[in-house]
Amino acid sequence: MTRCAFIIDQDLPRGLIANTAAILAMTLGKERPDLIGHAVLDADGNRHQGITTIVMPILMSDTDGLMELRKRAASQATSGIEVIDVTEAAQRAKSYDAYELGIGEMRHDHLRYLGLCLHGPARLVRSLTGDLPLMK
């Protein structure tokens, strides 16, 4: 069974929290189109695009917690967990080319993570995120 969780820096302003969640969700949809259901019709025959078929909680952490969680999740990659991240470098870049150049010059331990999306085996995602609080 697949599980997904978004983990976002609790100290970000609401607008950046929403933007980070949107970026993570779009990338997840690209990477895992199988998680999107088919279009449905309402009782009046209006078509509604397919939405996610799994629950995607938004959890909160701090900057250090995000870095540690990213490292722990990456170390589990052979177990089937996938990590999508949004960094401060991405948020500040004015274009994708600028993001690519900027992040290419940064060492991993100098990155500041704004948010992560972990998806993969439910047991593993739960074990990595089970102690994190839900966004309220």
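Residues numbered from 1 in each chain as written. Predicted model: local features only at pLDDT ≥ 70, side-chain atom pairs only at ≥ 80, totals over all residues. Heavy atoms only, no water.

Visitor: I'm lost on the environment of alanine 43 in this one. Help?
Guide: Examined against the element boundaries, alanine 43 turns out to sit in the loop between strand E2 (40-41) and strand E3 (47-48). Of the residues examined, alanine 43 reaches a relative accessible area of 86% and is grouped as exposed. Spatially, the C-alpha atoms of alanine 43 and threonine 78 are 45 Å apart, while their sequence positions differ by 35 residues. (Helix = DSSP H or I, 4+ residues; strand = E, 2+ residues; numbered from the N terminus. Buried < 20%, exposed > 50% of the residue type's maximum accessible area, 1.4 Å probe, protein only.)

Visitor: Looking at this structure, I do not really get helix H2 (residues 63-74). What am I missing?
Guide: In an α-helix, one full turn covers 3.6 residues, which means residues spaced three or four apart are oriented alike. Its 12 residues place the ends of H2 17 Å apart at the C-alpha level, agreeing with the 16 Å of an ideal helix rising 1.5 Å per residue. Within the sequence span of H2, burial applies to Leu66, Met67, Leu69, Arg70 and Ala73. The arc that holds every buried residue of H2, seen down its axis, measures 165 degrees, which confines them to one face. Of the surrounding elements, those touching the buried residues of H2 are strand E1 (2-9), strand E4 (58-61), strand E5 (82-87), strand E6 (113-121) and helix H5 (122-129). (Expected span 1.5 Å × (residues − 1). Arc of directions from axis to C-beta. Contact = heavy atoms within 4.5 Å.)

Visitor: What is the right way to read the packing of aromatic side chains from this model?
Guide: Ring pairs (aromatic) are described by centroid distance and by the angle formed between their planes. The final tally for this structure, using the stated rule, is 1 aromatic pair. Their ring planes at 65 degrees and their centres at 5.4 Å tell us that tyrosine 96 and tyrosine 99 sit as a pair that is edge-to-face. Here tyrosine 96 pairs with tyrosine 99, and both are found in helix H4 (residues 96-104), just 3 residues apart, close to one helical turn. Using a relative accessible area of 17% as the deciding quantity, one classes tyrosine 99 as buried. (Phe/Tyr/Trp six-rings, centres within 6.5 Å; stacked < 30°, edge-to-face > 60°.)

Visitor: How should I be thinking about H5 in this particular structure?
Guide: For H5, the set of buried residues is Ala122, Leu124, Val125, Leu128 and Thr129. The buried side chains of H5 occupy one side of the element, clustering within an arc of 165 degrees when seen end-on. In this structure, H5 carries Arg123 and Ser127 as exposed residues pointing more than 90 degrees from its buried face. Buried residues belonging to H5 abut E1, E4, H2 and E6.

Visitor: Help me understand the side chain of histidine 119, please; the structure alone is not making it clear to me.
Guide: In this fold, histidine 119 is placed in strand E6. On the basis of relative accessible area, histidine 119 is assigned to the buried category, the value being 3%. Discounting residues that sit within four places of it in the chain, histidine 119 has contacts with Arg3, Cys4, Leu28, Arg32, Gly80, Ile81, Glu82, Ile84 and Val125.

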